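Coordinate inspection notes
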Amino acid sequence: MPLCCAERNYLNKQFQEEKRVKAGEENTDEFLSIRERLASYTANKLFGADFDPFLVRAAQMNVMMASNSLGHLYHMNSLEFPRGDLPGVQPARDHMPLGSIDVLMTNPPFGSDIPVTEKTILEQYELARRWERQGDGFVMGNAIKPAVSPEVLFIERCVKWLKPGGRMGIVLPDGILGNPGDEFIRYWILRHCWVLASIDLPVESFIVEANVNILTSLLFLKRKPEEVIQAEDLGQKQDYPVFMAVAEKVGFDRRGNTLYKRHPDGEEILIDVTVEEKVRRGGKLETRILHRKERILDDDLPEIAKAYAEFRANNLEPGP
């Protein structure tokens, strides 16, 4: 979970708003104060893990450049955790044990062509066992499957990593959310979590950089406390609204070419934009107002994010 540019910019914006300063107009003390807050946030609240040591080092470099702090990024097998002998396991046990995470974001590897077959891993997971339908639900058996797709195990691992009331966003193949044979997985998710939102993504989302040519969705969940699970098992379930959306465009095509919004006749849509530009003249910082026309990125996700914010403003999150 490296601190990417978007997260850094978001935190910078939040800190600047709290200090009521505009980007680029901070004095030296304000700039250093914001940098110190960002470094403190990273050092105390940012944790991540990956099985690939190269990606861990790359993420550490990204975090250091973004915040001037290393954060806590561990080389380990998350599915094996808290077991394992890779160097990141022990410090991760100390700093990010299961049940300790407030917000978790992940895009796990998925696909039946890379199944998890190690029994020492599979025996840790309820979703690695065989389930039988019983009435309107399912019952977990004792038998462990010989192989399970990694994304299935990652669902359970991420949920168990959350605190009760903790939230997560995970990318999943659409099959898990729709295949009849995966209904027991959806049953497990609904028993342990409130579903906050589900957003369908177009196939272009991961085809360019990851060469993943399948439909995926973003699933946002909130972990239920154990007492809520027990109450619901006794029939005390309460309905709640779930936000759902479909993203048809993500700003680029299958070849990675940038897409811009167009009129019905095919001409690109241009909007008038006013921009403040800071220039230094004679040792003084001056503001110039520029007017120009810009194209609009053909990306549905920002509008979906706004729609979710409006939805949440009118509908409280389920649970405490």
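Residues numbered from 1 in each chain as written. Predicted model: local features only at pLDDT ≥ 70, side-chain atom pairs only at ≥ 80, totals over all residues. Heavy atoms only, no water.

1. Remarks on the packing of aromatic side chains
Quick reminder of the rule: The criterion for an aromatic pair is that two Phe, Tyr or Trp rings (for Trp, the six-membered ring) have centres within 6.5 Å, with stacked assigned to planes under 30 degrees apart, edge-to-face to planes over 60 apart and tilted to the rest. What counts as a helix is a DSSP run of H or I of at least four residues, what counts as a strand is a run of E of at least two, and both are numbered from the N terminus. Note on classification: 1.4 Å probe, protein chains only; a residue is buried when its accessible area is under 20% of the maximum for its type, exposed when over 50%, partly exposed between these limits. As a reminder, the over-ring test applies to NZ of lysine and CZ of arginine, requiring each to be within 6 Å of the ring centre and within 35 degrees of the ring normal.
A complete count under the given rule lists seven aromatic pairs for this structure. Here the aromatic rings of Phe-243 and Tyr-308 are separated by 5.3 Å at their centres, their planes lie at 80°, and the arrangement is edge-to-face. Residue Phe-243 is found in strand E9 (residues 243–246), and its partner Tyr-308 is found in helix H11 (residues 301–314); the two are separated by 65 residues along the sequence. For Phe-243, a relative accessible area of 8% gives the class buried. Three or more aromatic residues joined by ring pairs form one cluster here, namely Trp-131, Phe-138, Phe-184 and Tyr-187. One cation-aromatic arrangement involves Arg-157 over Trp-161; the distance from NZ or CZ to the ring centre is 6.0 Å. Its end group placed over the ring of Tyr-260, Arg-295 keeps NZ or CZ at 3.9 Å from the ring centre.

2. Things to note about the sheet that holds E9
Here is the rule we go by: Pairing between strands is defined by DSSP: at least two bridges between the two strands are required. Working convention: axes come from line fits to C-alpha atoms, limited for helices to the stretch in contact. Angles between N-to-C directions cover 0 to 180 degrees. The criterion used for residue contact is that any of the two residues' heavy atoms lie within 4.5 Å.
Spatially, five strands are ordered E3-E6-E8-E7-E9 in an open sheet, and the strand pairing comes out mixed. Every other strand in the sheet has two partners, leaving strand E3 (101–106) and E9 as the edge strands with one partner each. Each strand of the sheet is rotated relative to its neighbour by a mean of 10°, with strand direction disregarded. With respect to the sheet, helix H8 (residues 183–192) is in contact with strand E7 (193–201) and strand E8 (216–223), its orientation differing from that of E7 by roughly 130°. Against the sheet, H11 makes contact with E7 and E9, and its axis sits at roughly 165° relative to E9, the strand it touches most.

3. Section: helix H3 (residues 53–67)
Quick reminder of the rule: Here the expected span of a helix is defined as 1.5 Å times the quantity of residues minus one. As used here, the arc belongs to the directions running from the helix axis to the C-beta atoms. Within 3.5 Å is the distance limit for a polar contact, defined as a pair of N or O atoms, with the added protein rule that one can donate a hydrogen and the other accept it, and that residues adjacent in sequence qualify only through two side-chain atoms.
Between its terminal C-alpha atoms H3 stretches 21 Å, which fits the 21 Å expected from 15 residues at 1.5 Å a residue. Within the sequence span of H3, burial applies to Val-56, Ala-59, Val-63, Ala-66 and Ser-67. End-on view of H3: buried residues confined to an arc of 95°, all on one side of the axis. Of the exposed residues in H3, those oriented more than 90 degrees away from the buried face are Phe-54, Arg-57, Met-61 and Met-65. The backbone nitrogen of Phe-54 lies 2.8 Å from a side-chain oxygen of the residue at the head of H3, namely Asp-52. Asn-68 sits one or two positions beyond H3 and adopts a positive phi of about 65°.

4. Describing the nonpolar core
Stated formally: Only buried residues count toward a nonpolar core. Its members are Ala, Val, Leu, Ile, Met, Phe, Trp, Tyr and Cys residues joined through side-chain atoms within 4.5 Å.
Core analysis: the largest hydrophobic core is formed by 39 residues, its most contacted members being Met-96, Leu-153, Ile-155, Met-168 and Ile-185. Residue contributions to this core peak at seven residues, all from helix H6 (residues 150–161). Filtering out sequence-adjacent residues up to four positions away, Ile-155 remains in contact with Ile-170, Leu-172, Ile-176, Ile-185, Trp-188 and Ile-189. Core analysis: the second largest hydrophobic core is formed by eleven residues, Phe-110, Val-171, Ala-197 and Ile-199 among them.

5. Digging into the packing of H6 against H8
Heads up, the rule is: Should an angle fall under 35 degrees it is taken as roughly parallel, and over 145 as roughly antiparallel, whereas 65 to 115 is taken as roughly perpendicular and any remaining angle as oblique.
Running from N to C, H6 and H8 point in directions that differ by 5°, and their axes come no closer than 11 Å. In terms of their interaxial angle, H6 and H8 are classed as roughly parallel. On H8, the residues that touch Val-152, Ile-155, Glu-156, Val-159 and Lys-160 of H6 are Ile-185, Trp-188, Ile-189 and His-192.

Any functional reading would require information beyond the geometric quantities listed.
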